[in-house]
Amino acid sequence: MIVCSAISKTYLSIYPALDGTLWDSVAGGMGSPLPDTKSYFTHLECSATGETYPAGQPHNLSQAGKPLLARYDLAALKGGLDQRDLASRPQDLWRYREFLPVASAGNRLTLGEIRTPLLPLNRWKGGGRVLVKDESRLPTGSFKARGLCLAVSMAKELGIRRIAMPTNGNAGAALAAYASLAGIESYVFCPEDTPEVNVREIALQGARVWKVNGYIHHCGQLVAEGKEAMGWFDFSTLKEPYRIEGKKTMGLELAEQLGWDVPDVIFYPTGGGTGLIGMWKAFHELEAVGWLGKKRPRMMAVQASGCAPIVRAFELGAPFAEEWMEASTVASGIRVPKAVGDFLILQAVRESGGAAMAVPDEAILETQREIAHQEGLLLGPEGAATAAAYAEALRTDLVSGEETAVLFNCGTPLKYPMPPATATLDRHAPFDATVFED
Ligand SMILES: *Cc1c(COP(=O)(O)O)cnc(C)c1O
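Residues numbered from 1 in each chain as written. Predicted model: local features only at pLDDT ≥ 70, side-chain atom pairs only at ≥ 80, totals over all residues. Heavy atoms only, no water.

**So, the pattern of salt bridges**
Moving on, step 1. For the coordinates displayed, the defined rule picks out 26 salt bridges.
Moving on, step 2. With a shortest N-O distance of 2.9 Å, Asp82 and Arg84 are connected by a salt bridge.
Moving on, step 3. Across the pair Glu285 and Lys281 runs a salt bridge, and its minimum N-O distance is 2.7 Å. Here Lys281 and Glu285 lie together in helix 9 (residues 274-288), a separation of 4 residues that amounts to about one turn.
Moving on, step 4. By relative accessible area, Glu285 is classed as buried at 4%.
Moving on, step 5. Counted as one network, the salt bridges with shared partners bring together Lys133, Glu135, Arg146 and Glu253. (Salt bridge = Lys/Arg side-chain N within 4 Å of Asp/Glu carboxyl O. Helix = DSSP H or I, 4+ residues; strand = E, 2+ residues; numbered from the N terminus. Buried < 20%, exposed > 50% of the residue type's maximum accessible area, 1.4 Å probe, protein only.)

Dropping the structure here:
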C-alpha cells in the first residue's frame, strides 16, 4: 500500500489529468481497495458425507479425508445481486465476488485476472461450432492463477503465514506469485522431470522450490510429512477448499460470455479435476440464483492415454479411480496418477451425460500442429488434448457438428519444449531461390 500510494503521487504529479477517481479505476488491478461487498459464504461441507465445518478458520480435508466444498446463502444472494449489477464492474474474476468466499475487500489479491477470450475455430474440422476458452492468458500463463488467486486470498484472510504444495509446474508458479504478492512464505515440491522453465519460474517468483525423485503424489507425501515441523499449510490440490472456488469462476464467466447460457458440451483436460468440479458447482449455483436454467453441458473429462485413471474408472463404472502406474505424457498438467477428487469428477461426468476420453501423445502433438497452422492458435498440449478428443468424439458420434463445444486451453504452450526448427541460411553464399521451394 505504501509503495502504491508513493507511485500514485508521482504519477499524479506527472499526469495531472489522472485524478483520484481514474487512478482508483486504473489501480483497481494493483491492490488498491475494491469496494467492500457482502460475502454470502456461510460454511464448508464435506463432499462425501455432507458434514459441515465453520467458515472463518483454516481447513484441509474433512474428517472423512475428502475435499470440503464452500457453501453460500444462495437464497439471500439471489435477492441481493442482480445480473445488471455486474455490468459496471471490471471484466475480471472479482466481478463474481458475491459467489466467492473472501469477506474483506483488502484480502482480494489481484495480478490482473482478465476475462479470457472464447475463440471460434473457423477452419479446423470444417469450422464446426467449436470455441476455445483460452486460459493461457492469465497471470503466470495458466488457469492455475484463478485457483491460487482465491486460495491465497483466503490464506491471507485466515492469517496463514506458510504454504507448501506439490506441483507439476503451473500450480507452483501461481502459488509463488500470489504468495509473494500477499507476503506469505511458499514451499514448492516438483517431480524431478518437471521442465526446468517451471522450476526456475517458481524460484524467481519468490518460492523456495525443490525437485523430488518421484511423482506428484510423492511430493505430496513430503508436504504431509513436513507440515507439523515446518508449520506449513497444505495447499495440495483439493486439500484446501478454495482453489475450487477460483476455478469455479471459469463456469461463471463462460455462462456470462454465452449470454447466461451453457454450451452443449465441454471438453476439459483433467488432472486433479479442480476446474471440472468447480464449473459443475458454478452451474448449480447459477441455477439456484435463477441465472441459468436446468440445461447442463455434457462434461467430457479428457486425459492422456499414458495417464488415464479417470477414463479407466469411467469405463469400469467405478465410483473411485485406482492409481495409474508409470504415468507418462507430454501434457504434464494432466499427469496426475491419483486424484483426491476422483469421485467428484466421475459424478459430474456421469450426471451430465458426458464421458471420459483418453488421447495418445501423438494425437495431441499432431492436433496442436494442425490448429496452429490452420487457425494461428498455438495450444498447450493439454488444450490440444481436448481438441484431439473433440475430433475423436465427432468421429464416433459422441458429439455432432451442430452442437456448440467448448475446449479448454489451460496453459501457455511457451513453457513446453517445441519441435525443432533447424533451417539456416548462409548470408555469404550466392542467393539460391530453390531452397524456398518445397
Ligand atoms: C493443472 C492443469 C490442468 C488440469 O487441471 P485440473 O483442474 O487440476 O484437472 C490442465 N492443463 C494445465 C495446463 C494445467 O496446468
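**Quick look at helix 10 (residues 309-316)**
Since the α-helix advances by 3.6 residues per turn, residues separated by three or four positions end up pointing in the same direction.
Moving on, step 1. All of the buried residues along helix 10 are Pro309, Ile310, Val311 and Ala313.
Moving on, step 2. The inward-facing, buried residues of helix 10 contact strand 11 (298-304), helix 11 (342-351) and strand 12 (355-359). (Contact = heavy atoms within 4.5 Å.)

**A few points about the packing of aromatic side chains**
Moving on, step 1. Summed over the entire model, instances satisfying the criterion amount to 15 aromatic pairs.
Moving on, step 2. On the numbers, 6.1 Å between centres and 40° between planes, the contact of Trp124 with Tyr390 is tilted. Separated by 266 residues along the polypeptide, Trp124 in the loop between strand 4 (118-120) and strand 5 (130-134) and Tyr390 in helix 13 (residues 381-395) bring together distant segments of the chain.
Moving on, step 3. Here Tyr390 falls in the buried class, since its relative accessible area comes to 1%.
Moving on, step 4. Clustering of aromatic rings is evident, with ring pairs tying together Tyr187, Phe189, Trp210 and Trp232. (Phe/Tyr/Trp six-rings, centres within 6.5 Å; stacked < 30°, edge-to-face > 60°.)

**Digging into a nonpolar patch on the surface**
Moving on, step 1. There is a patch of nonpolar side chains on the surface, built from Leu425, Phe431, Val435 and Phe436 and spanning about 520 Å² of accessible area.
Moving on, step 2. Looking at the secondary structure, you find Val435 in the segment after strand 13 (405-409). (Patch = residues over 30% accessible without salt bridge, like charges linked within 9 Å, V, L, I, M, F, W, Y side chains within 5 Å. Areas by Shrake-Rupley, 256 points an atom, 1.4 Å probe, with all protein chains shown as cover.)

**Remarks on the domain arrangement of the protein chain**
Moving on, step 1. Each assigned domain of the protein chain is listed here: domain 1 (2-107), domain 2 (118-141 + 242-414) and domain 3 (144-234).
Moving on, step 2. The junction of domain 1 with domain 2 conceals about 2,000 Å² of combined surface from both sides, 71% of it contributed by carbon and sulfur atoms.
Moving on, step 3. On the domain 1 side of the interface with domain 2, the three residues burying the most area are Gln83, Tyr96 and Phe99, jointly 31% of the side's total.
Moving on, step 4. Summed over the shared surface of domain 1 and domain 2, the number is 1 salt bridge.
Moving on, step 5. Across the pair Arg95 and Glu256 runs a salt bridge whose closest N-O atoms are separated by 2.7 Å. (Domains from an automatic or database assignment. Buried area = accessible area lost by both parts, 1.4 Å probe.)

**Considerations on the site of the ligand**
Moving on, step 1. What surrounds the ligand is a group of 17 residues, the closest being Lys144, Asn170, Tyr268, Gly271 and Gly273.
Moving on, step 2. Between Tyr268 and the ligand, the recorded distance is 2.5 Å, taken from a side-chain N or O atom to an oxygen atom.
Moving on, step 3. The separation between an oxygen atom of the ligand and a polar main-chain atom of Gly271 is 2.7 Å.
Moving on, step 4. For the shell around the ligand, the residue count by class is 5 nonpolar, 9 polar and 3 charged. (Near = heavy atom within 4 Å. Polar contact = N/O pair within 3.5 Å; in protein donor to acceptor, adjacent residues only side chain to side chain. Nonpolar A, V, L, I, M, F, W, Y, C, P; charged D, E, K, R; others polar.)

**Describing the pairing of strand 7 (residues 185-191)**
Moving on, step 1. Counting buried positions along strand 7 yields 6 of 7 residues, so the element is predominantly enclosed.
Moving on, step 2. Note that strand 6 (residues 162-166) and strand 7 share 5 bridges and pair parallel. Within the sheet, the bridge partner assigned to Met165 lies in strand 7 and is Val188.
Moving on, step 3. For the crossover from strand 6 across helix 5 (residues 170-182) to strand 7, the handedness is right-handed.
Moving on, step 4. Pairing between strand 7 and strand 8 (residues 208-212): 5 bridges, direction parallel. Each residue of the ladder has a partner; that of Cys190, found in strand 8, is Lys211.
Moving on, step 5. Note on the crossover from strand 7 through helix 6 (residues 196-204) to strand 8: the handedness is right-handed. (Pairing = 2+ DSSP bridges. Right-handed = clockwise from strand over helix to strand, strands pointing away.)

**Thoughts on unusual backbone geometry**
Moving on, step 1. One non-glycine residue, Glu326, adopts positive backbone phi at about 55°.
Moving on, step 2. Structurally, the position occupied by Glu326 is in the loop between helix 10 and helix 11.
Moving on, step 3. Given the relative accessible area of 68%, Glu326 is considered exposed.
Moving on, step 4. Phi is positive for Asp397, close to 60°, though the residue is something other than glycine.
Moving on, step 5. Here Asp397 shows up in the loop between helix 13 and strand 13.
Moving on, step 6. On the accessibility criterion, Asp397 (67% relative accessible area) is exposed.

**Section: the environment of Glu240**
Moving on, step 1. Relative to the helices and strands, Glu240 resides in the loop between strand 9 (233-234) and helix 8 (243-257).
Moving on, step 2. Sequence spacing of Glu240 and His59 is 181 residues, and the spatial spacing of their C-alpha atoms is 6.5 Å.
Moving on, step 3. If we skip the residues at most four places from it in the chain, Glu240 touches His59, Asn60, Ala151, Phe233, Asp234 and Phe235.
Moving on, step 4. At a separation of 3.0 Å, a polar atom in the side chain of Glu240 contacts the main-chain amide nitrogen of Tyr242.

**Details of helix 4 (residues 144-157)**
Moving on, step 1. For helix 4, with 14 residues, the first-to-last C-alpha span of 20 Å sits near the 20 Å given by 1.5 Å per residue.
Moving on, step 2. Burial analysis of helix 4 places 12 of its 14 residues in the buried class, which makes it a mostly covered element.
Moving on, step 3. Among the residues making up helix 4, those that are buried are Lys144, Ala145, Arg146, Gly147, Leu148, Cys149, Leu150, Ala151, Val152, Ser153, Met154 and Ala155.
Moving on, step 4. In this structure, the buried residues of helix 4 make contact with strand 1 (41-46), strand 5, strand 6, helix 5 and helix 8. (Expected span 1.5 Å × (residues − 1).)

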